[in-house]
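# Overview (structure and organization)
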Amino acid sequence: RNHLHAAGHICVLKDAFMYESPTEIANLTSTDKFDAALAIHLYKGGRLLQGSRIPFGIIFGGTDVNEDIKCEEKHRVMGAVLGEARFAVAFTVKMKELAAAEWPDARKKIYVQTQGIKTTPSETFDWYRFLQNADIPTDTGSLHLFLLICGLRRVKDPLYLVDVFSDWHRKDPSVHLGIIGPAVDPLFTSEVKEKVKRTPGVHLLQEMPQDDLHAAMKRCFAVVNSSISEGMSAAILEAMDLDIPVLARNIPGNAAIIKHKETGLLFSDPQEFVVLSESLMNDPIMEREIVTRAKDYVKKHHSWESERKAYQNLVLRL
């Protein structure tokens, strides 16, 4: 919305979960006289624009191409949506190729545009109160806090590292894992809460405004990603921009933006995560080199300004 407002357009954000059918969106766009639409997620957002009276574009979310594509009914709906769309945006070449392999006729309308990010850490964030509220020791001289930032849903797999991390914490009480993010799936969130209660060294943290989250990231030791699949993790890119090392599960979406031991660390199982984390803790020179290269990478490939120009140009196609 920010990008489109900057180009002189009026842009209204709507949550796809508030609507159940294309008819509701058709009534909305007709009543408010919208000229075009942009849906995020080929299935969740795109299905609501089927048969739309106005032109629309699609931004792949990641789970649509990586996970929903496995469901026959969702696959059918997404193919129909992509057929009607003026254009589609994939964050990576890999994501474009996955979609083009399923719907070859759409290849020419799929554009690759990496995410742009902008970090705005709060100047007034209280780190010590944050630790106290999370029941994490405030002796920051020895604390190594790892932050796993994700919506609480199964595809993000926030429990993947919990058991191994808790075992590690018992041996080294300075290491703590904080899981933070919105409760996207209420049932799964309850499962996460129950598990975390039984695992020392692992904490489920309250969701917070983005400025405070960026400030917390800036003070933590490392940011973690343990997703089963990803489109392109904004949290990873934001950590890189904030000079914080990243440890991420070795999946295509993460490997597309992290070069192992160059701009971050990729792990294939929980045990390797611990080994890599310990090497990072014990080698400040390696940590500094990774952080420096990661920051340069984000500046070059994921700038907010480049993303703005790209989306302003794409909207002209509507």
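Just so you know, these numbers come straight off a predicted model, no measurement behind them. (Residues numbered from 1 in each chain as written. Predicted model: local features only at pLDDT ≥ 70, side-chain atom pairs only at ≥ 80, totals over all residues. Heavy atoms only, no water.)

The end-to-end C-alpha separation of helix α13 (residues 284-301) is 26 Å, in line with the 26 Å expected for 18 residues at 1.5 Å each. Those residues of α13 not exposed but buried are Met-286, Ile-290, Val-291, Ala-294, Tyr-297 and Val-298. Mapping the buried residues of α13 onto a view down its axis gives an arc of 130 degrees, with all of them on the same face. Among the exposed residues of α13, those pointing more than 90 degrees away from its buried face are Arg-288, Lys-299 and Lys-300. In this fold, the buried residues of α13 make contact with α10 (234-241), β10 (265-267) and α12 (270-282). (Helix = DSSP H or I, 4+ residues; strand = E, 2+ residues; numbered from the N terminus. Expected span 1.5 Å × (residues − 1). Buried < 20%, exposed > 50% of the residue type's maximum accessible area, 1.4 Å probe, protein only. Arc of directions from axis to C-beta. Contact = heavy atoms within 4.5 Å.)

This part is about the sheet that holds strand β3 (residues 87-90). Judged by pairing direction, the sheet is parallel, and its 4 strands sit side by side in the order β1-β2-β3-β4 without closing on themselves. Pairing within the sheet leaves two strands with one partner each, and these edge strands are β1 (37-40) and β4 (110-112). Shown here is a sheet whose adjacent strand axes are inclined to one another by a mean of 25 degrees, direction ignored. Pairing between strand β2 (residues 56-59) and β3: 3 bridges, direction parallel. Among the inter-strand pairings, Gly-57 is bridged to a residue of β3, identified as Phe-87. Its contacts with the sheet place helix α5 (residues 93-102) against β3 and β4, and it is angled at close to 165 degrees to β4. (Pairing = 2+ DSSP bridges. Axes fitted to C-alpha atoms, helices over the stretch in contact; angles between N-to-C directions.)

Two measures describe an aromatic ring pair: the distance that separates the ring centres and the angle between the ring planes. Going through the model one piece at a time under the given rule, you end up with 10 aromatic pairs. A ring pair is formed by Phe-165 and Trp-168, whose centres lie 5.3 Å apart and whose planes are at 70 degrees; its orientation type is edge-to-face. Of this pair, Phe-165 and Trp-168 both sit in helix α7 (residues 162-171), separated by 3 residues, roughly a single helical turn. Looking at Phe-165, the relative accessible area reads 0%, which means it is buried. Taken together, the ring pairs connect Phe-146, Phe-165, Trp-168, Phe-221, Phe-267 and Phe-273 into an aromatic cluster. The ring of Tyr-43 carries the charged tip of Arg-47 above its face, separated from the ring centre by 5.7 Å. (Phe/Tyr/Trp six-rings, centres within 6.5 Å; stacked < 30°, edge-to-face > 60°. Lys NZ or Arg CZ within 6 Å of the ring centre and 35° of its normal.)

The UniProt entry lists residues 150-295 under the feature "domain: Glycosyl transferase family" (unreviewed entry), expressed in the numbering used here. The straight-line gap between the two end C-alpha atoms of residues 150-295 is 21 Å; of that span, 47% is helix and 14% is strand. (UniProt positions renumbered as here; feature names shortened; annotations may be inferred.)

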